[in-house]
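Read off the chains here:
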Amino acid sequence: MRTVDDLCRVGVAGRRVLVRCDLNVPLSKDGPPKVTDDGRIRASLPVLVALLNRGARVIVAAHLGRPKGEPEEKYSLRPVADRLAALLGSPVEFALDTVGESARLLADGLADGHLLLLENVRFNPGETSKDDAERTRFARALAQLTGGEDDGGAYVNDAFGAVHRAHASVYDVARLLPHYQGPLVRDELQVLRRLTGEAGELKRPYVVVLGGSKVSDKLGVISALLPKVDRLLVGGGMCFTFLKAQGHEVGDSLLEADQVDTCRQLLESSGDKIVLPTDVVVSADVSDDAETQTVPADAMPAGQKGLDIGPDSVARFSEALAGAGTVFWNGPMGVFEVRPFAEGTRGVAEAVAACDGLTVVGGGDSAAAVRALGIDANRFSHISTGGGASLEYLEGKTLPGVAVLEES
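Quick look at the structure, then. (Residues numbered from 1 in each chain as written. Predicted model: local features only at pLDDT ≥ 70, side-chain atom pairs only at ≥ 80, totals over all residues. Heavy atoms only, no water.)

A word on the overall build of the protein chain
Moving on, step 1. Assigned secondary structure in the protein chain consists of 14 helices and 15 strands.
Moving on, step 2. Principal-axis analysis of the C-alpha atoms places the extent of the protein chain at approximately 65 × 50 × 40 Å.
Moving on, step 3. Within the protein chain, buried positions represent 57% of all 408 residues.
Moving on, step 4. The contacts in the protein chain between residues at least 6 apart in sequence include a share of 72% that link residues at least 24 apart.
Moving on, step 5. On the protein chain, roughly 17100 Å² of surface is accessible, and the fraction owed to carbon and sulfur atoms is 45%.
Moving on, step 6. Taken as two groups, the 43 positive and 57 negative side-chain charges of the protein chain have centres that lie 4 Å from each other. (Helix = DSSP H or I, 4+ residues; strand = E, 2+ residues; numbered from the N terminus. Buried < 20%, exposed > 50% of the residue type's maximum accessible area, 1.4 Å probe, protein only. Contact = heavy atoms within 4.5 Å. Areas by Shrake-Rupley, 256 points an atom, 1.4 Å probe, with all protein chains shown as cover. Lys, Arg positive; Asp, Glu negative; His and termini not counted. Charge placed at Lys NZ, Arg CZ, Asp CG, Glu CD.)

What follows is the structure, encoded as structure tokens:
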């Protein structure tokens, strides 16, 4: 794949470059919306600064949340534009639409070394349409904002968190303009190739930690990784379906009843590798002042929800992680956003960070937890910006946004 370095060597001064970034960040819910976690914005800065410093006229396309193909104020990227401007230390133009009059006028008037952020691309139905023709029309309109190939237009994809989607701004537009891989996408793929063994022999022991809500979301990656790993540690809401498969009652905890048989089969075939919690923190409600108790994982009381793994489980997981040569962690151990249920995730994060080998935090809620719990990100080898994309790569799936960059 051609890289941004290749593009810069050719020269970008005075050229309009469309950059797909992942700016899907959380916003405050009270008062005027503000970015509450700018990790993904910061991760996008290197490619933007590299282009701006060389005189490119940068047009950024991004999404936020899941609007239904039409404008919704709560999903506007305006607060992101404000935060991006503060981090860049320079003004950011903001289009009031995606490819409409505002976007066209601002793109045509963009000066060298200046940046324009388009409104949420998912406000346009063509972005996520299942109709190839509708997606292509939107992609053509995006490409035209650069003036097209004949006018020096180029496309850079640095939105690793979106490369598993065949969306117009990720896939279709790359077929219309000279296209390049951004440094964030490059770095993410290099790390994932190390986790799959494509970039050399894995350093062992290889330990994977999976959490999050649903087993069904992780079945593909579990099946793909079990033959490769030495230990698979399971926490979060998904652990209760495994505990149910062992014959334990799980109270009012999150449970995917239709996955119990699948979990039972996984335990029968690979039970020597799968490590489950031995104790859990339970409560009747989820709040900062909730009354909690820690109970054995095989003795959960009725009417209580399992909302975190307990201290014995943290110790057991930490022991399994000690001395690991390769670690991949995806998904929190509990409802870490709520104070009484954060310690399981904190304990596991500290254990992962203490490993001397390759330690990869697989994006999404895991990355958010690292920042929210105040753990130094530099203690990990790599923190991904794309949880879903990471999982699909490790499953062995083709990532459309990567595949199209490989096309000549």
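Examining the pairing of strand E1 (residues 16-20)
In the case of a regular strand, side chains alternate between the two sheet surfaces.
Moving on, step 1. Of all five residues in E1, five are buried; the element is thus mostly enclosed.
Moving on, step 2. Side chains of E1 alternate between two faces, with Arg 16, Leu 18 and Arg 20 and Val 17 and Val 19 buried alike.
Moving on, step 3. Note that E1 and strand E2 (residues 57-61) share five bridges and pair parallel. Residue pairing across strands places Val 19 opposite Val 60, the latter belonging to E2.
Moving on, step 4. Of the crossover connections in this fold, the one passing from E1 over helix H2 (residues 39-52) to the parallel E2 is right-handed.
Moving on, step 5. Sheet analysis places E1 next to strand E5 (residues 154-157), joined by four bridges and oriented parallel. Counted as the bridge partner of Val 19 is Val 156 from E5. (Pairing = 2+ DSSP bridges. Right-handed = clockwise from strand over helix to strand, strands pointing away.)

Some details on the side chain of Asp 308
Moving on, step 1. Within the element layout of this structure, Asp 308 appears in strand E12 (residues 305-309).
Moving on, step 2. Nearest to the buried, unbridged Asp 308 among oppositely charged side chains is Arg 346, at 8.9 Å.
Moving on, step 3. A distance of 3.5 Å separates a polar atom in the side chain of Asp 308 from the backbone nitrogen of Glu 343.
Moving on, step 4. If near-sequence neighbours (up to four positions away) are discounted, Asp 308 is found in contact with Val 280, Val 281, Met 333, Gly 334, Phe 341, Ala 342, Glu 343, Gly 344 and Thr 345. (Salt bridge = Lys/Arg side-chain N within 4 Å of Asp/Glu carboxyl O. Polar contact = N/O pair within 3.5 Å; in protein donor to acceptor, adjacent residues only side chain to side chain.)

Description of a positive patch on the surface
Moving on, step 1. Together, Arg 66, Lys 68, Lys 130 and Arg 165 make up a positively charged patch on the protein surface.
Moving on, step 2. Structurally, Arg 165 can be placed in the loop between E5 and strand E6 (179-181). (Patch = residues over 30% accessible without salt bridge, like charges linked within 9 Å, V, L, I, M, F, W, Y side chains within 5 Å.)

Concerning the sheet that holds E2
Moving on, step 1. Pairing is parallel across the open sheet formed by six strands, whose spatial order is E3-E4-E2-E1-E5-E6. This sheet does not close on itself; its edge strands, each paired only once, are strand E3 (92-94) and E6. Shown here is a sheet whose adjacent strand axes are inclined to one another by a mean of 25°, direction ignored.
Moving on, step 2. Across the sheet, helix H3 (residues 78-88) touches E3 and strand E4 (115-117), and the angle it forms with E3 is around 170°. (Axes fitted to C-alpha atoms, helices over the stretch in contact; angles between N-to-C directions.)

With respect to helix H10 (residues 311-321)
For an α-helix, the turn length of 3.6 residues means that residues three or four places apart are oriented alike.
Moving on, step 1. Inspection of H10 places Ser 313, Val 314, Phe 317 and Leu 321 among the buried residues, and these make up the whole buried set. Taken end-on, H10 shows its buried residues confined to a sector of 100°, consistent with a single buried face. Among the exposed residues of H10, those pointing more than 90 degrees away from its buried face are Pro 311, Asp 312 and Glu 319.
Moving on, step 2. Just downstream of H10, Gly 323 is the residue with a positive phi angle, here 80°. (Arc of directions from axis to C-beta.)

Observations concerning helix H13 (residues 387-395)
Moving on, step 1. Burial runs high along H13: seven of the nine residues are buried.
Moving on, step 2. For H13, the set of buried residues is Gly 387, Ala 389, Ser 390, Leu 391, Glu 392, Tyr 393 and Leu 394.
Moving on, step 3. Contacts made by the buried residues of H13 are with helix H6 (183-196), helix H7 (219-225), strand E13 (326-330) and helix H12 (364-372).
Moving on, step 4. Immediately downstream of H13, the backbone of Gly 396 shows phi near 95°, a positive value.

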